[in-house]
Every structure is written in C-alpha cells, then in structure tokens.
Amino acid sequence: GQKASLNATGLKLGTGTASCKLEVDGAIKASGGVTHGSHGYSFNSQDTDAGMYSPANDSLTFKTNDTRRVSIVGANTGINVDNPAAHLHIRGGGANATTLRVQNNDGYLQVSVDGDTAAYQADQYVWKNQADNATWATLNSTGLGINVTPSSHKLDVTGSARVTGALTVTAGITGTATKATDLD
C-alpha cells in the first residue's frame, strides 16, 4: 500500500493525504531534534524559548520562557530544580512559600514551606499503620486523639499515658482516680 504522499499542504507518512505540514500515522522516532536556540524540540515554531530536550544521558528537561520548569533525571523529577535529589523535588522562588497541593472533589491537602517553617493545611490529619487497619492518632479542629478521634477535649487518649516531667493542671481533675497517693 501507499507509504507516503506529498501535496501542497505537506507530507503524509502513512495512507491518505496530509492535512498539515507533516502528518504521521503511527510512532515517530527522531534524533538530533528540531532546534530553536539550545532546545531539543519545540512545540510551536513561533515559540523559540519553550520546548523539551535531553541535556545528558537519562535526563529530560522541559522549558518555558527560557527557564527549566521540569527536569526528569533517572528516577527523580524536579519542578524548578535542575538536578532533583528525591523522587519528587519542588523548589519555589522569590519571597513566597513553595507549595504542594493534592486535591480531589472533597477537599485538599496543601503543604507549604517558607524558610524553616512548614505548614500543612487540611481539615483533619489521620496517622495510620501501613496496612491501613489501625488509626494511631487523629488531629482535627477539636484536638488531638491518641487511639481515638477527639470529640470534646484538646487531648483525648484511649489507653495508658505516661508523662515524664511535670504535669500542671490548672482547671481541676475530673473522673475516677485509682491511686491518689502521688497527688499534692
């Protein structure tokens, strides 16, 4: 069958006629790149400061506005990082915090880092074991629960608790005491 055709519109590799400058049915293998400046491949001939290229073996970089935005190096991916040091490495810039946001239809978790301060924004945090069958702690607007979801106290513990150091209680103690000999 027909392998290629050339008309006034362009070159078609495959069957039929071209509807643009180059049209390919199937996979494309390219080496050398279509360059604009130092880029390997650009996506638009009018945009000479954006594209993708491979600066080294096992590396792929995407640029916009002549600035590296995403770098994939081996198993690591960096956003605004040339040589990522982790599976996902994000660097912000300027005076604003660097932010990562994970979102679904019900809400989001946002992690921000500014200087030496990290902020985690979510309505509730739940720490579970890896098997996802035991909740160790829950932190929400009510308080912190250890082995329980806090319902009415800032600290709610199910199970034994140990305090090393002083325990100061300013509003009294309620409940049942089983050993009161150590109380002043």
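Refer to the structure printed above.
(A) Spatial organisation of unusual backbone geometry. Its identity as a non-glycine residue notwithstanding, D58 has a phi of 60°, on the positive side. In this fold, D58 is placed in the loop between β4 (51–53) and β5 (59–64). For N147, which is not glycine, the phi dihedral falls at a positive 60°. With respect to the element layout, N147 can be found in the loop between β14 (144–146) and β15 (155–157).

(B) A look at the sheet that holds strand β6 (residues 67–73). Spatial ordering of the open sheet is given by β4-β5-β6-β7-β8, a layout of five strands whose pairing is mixed. The sheet is open, and its two edges are formed by β4 and β8 (88–90), each paired on a single side. The sheet shows a mean angle of 15° between the axes of neighbouring strands, taken without regard to direction. As paired elements, strand β7 (residues 76–79) and β8 share three bridges and run parallel to each other. Pairing of T77 across the sheet is with L88, part of β8.

(C) View of the sheet that holds strand β3 (residues 22–24). Spatially, β1-β2-β3 is the arrangement adopted by the three strands of the open sheet, whose pairing is mixed. Taken across any chain shown, the strands that pair with only one partner, and hence form the sheet edges, are β1 (4–6) and β3. Between one strand axis and the next, the sheet turns by 10° as a mean value, whatever way the strands run. The pairing of strand β2 (residues 11–13) with β3 spans three bridges and is parallel. Counterpart to K12 in the pairing with β3 is E23.

(D) Up close: the environment of V113. Note on placement: V113 falls in strand β10 (residues 107–114). Remark: the alpha-carbon pair of V113 and L100, spanning 13 residues in sequence, is separated by 9.0 Å. The residues touching V113, leaving out its near neighbours within four places in the chain, are A97 and T98.

(E) Fine view of the side chain of S71. Residue position: S71 is located in strand β6. At 3.3 Å, the side chain of S71 forms a polar contact with the backbone oxygen of V81. Setting aside anything within four residues of it in sequence, one finds S71 in contact with L60, T61, N76, T77, G78, V81, D82 and P84.

(F) The arrangement of the side chain of S5 in detail. The residue S5 is located in strand β1 in this model. Here S5 is in contact with G10, L11, K12, G16, T17 and A18, once residues within four sequence places are set aside.

(G) Structural context of the packing of aromatic side chains. This structure, assessed with the given rule, holds one aromatic pair. Over the ring of Y108 we find R101, and its NZ or CZ is 3.6 Å from the ring centre.

(H) Geometry of the pattern of salt bridges. Across all of its chains, the model carries five salt bridges by this definition. Between K12 and E23 there is a salt bridge, and its shortest N-O distance comes to 3.3 Å. On the criterion of sequence distance, the pair formed by K12 in strand β2 and E23 in strand β3 is long-range, its members being 11 residues apart. Of the charged contacts in the structure, one is a salt bridge between K12 and D25, with a shortest N-O distance of 3.5 Å. On the criterion of sequence distance, the pair formed by K12 in strand β2 and D25 in the loop between β3 and β4 is long-range, its members being 13 residues apart.

Quick notes on the rules
- The written sequence of each chain sets the order in which its residues are numbered from 1.
- For a predicted model such as this one, the threshold for reporting local features is a pLDDT of at least 70, and the threshold for listing and counting side-chain atom pairs is 80 or more; totals across whole chains, interfaces and linings nevertheless cover every residue.
- Side-chain calculation: all heavy atoms of the structure are included, whereas hydrogens and water are not.
- Put simply, DSSP H or I for four residues or longer makes a helix, DSSP E for two residues or longer makes a strand, and each gets a number counted from the N terminus.
- For two strands to pair, DSSP has to find at least two bridges joining them.
- Orientation is described by axes fitted as lines to C-alpha atoms, over the contacting stretch for helices, and by angles from 0 to 180 degrees between their N-to-C directions.
- By definition, residues are in contact when any of their heavy atoms lie within 4.5 Å.
- Pairs of N or O atoms within 3.5 Å make up the polar contacts considered here, provided that, within protein, one atom can donate a hydrogen while the other can accept it, and that residues adjacent in sequence are counted only when both atoms are side-chain atoms.
- In this scheme Phe, Tyr and Trp rings, the latter by its six-membered ring, pair at centre separations within 6.5 Å, and the angle between planes marks the pair as stacked below 30 degrees, edge-to-face above 60, and tilted otherwise.
- Should the NZ of a Lys or the CZ of an Arg lie within 6 Å of a ring centre and within 35 degrees of the ring normal, that charge is described as sitting over the ring.
- Within this document, salt bridges are pairs made up of a side-chain nitrogen of Lys or Arg and a carboxyl oxygen of Asp or Glu, the two lying within 4 Å of each other.

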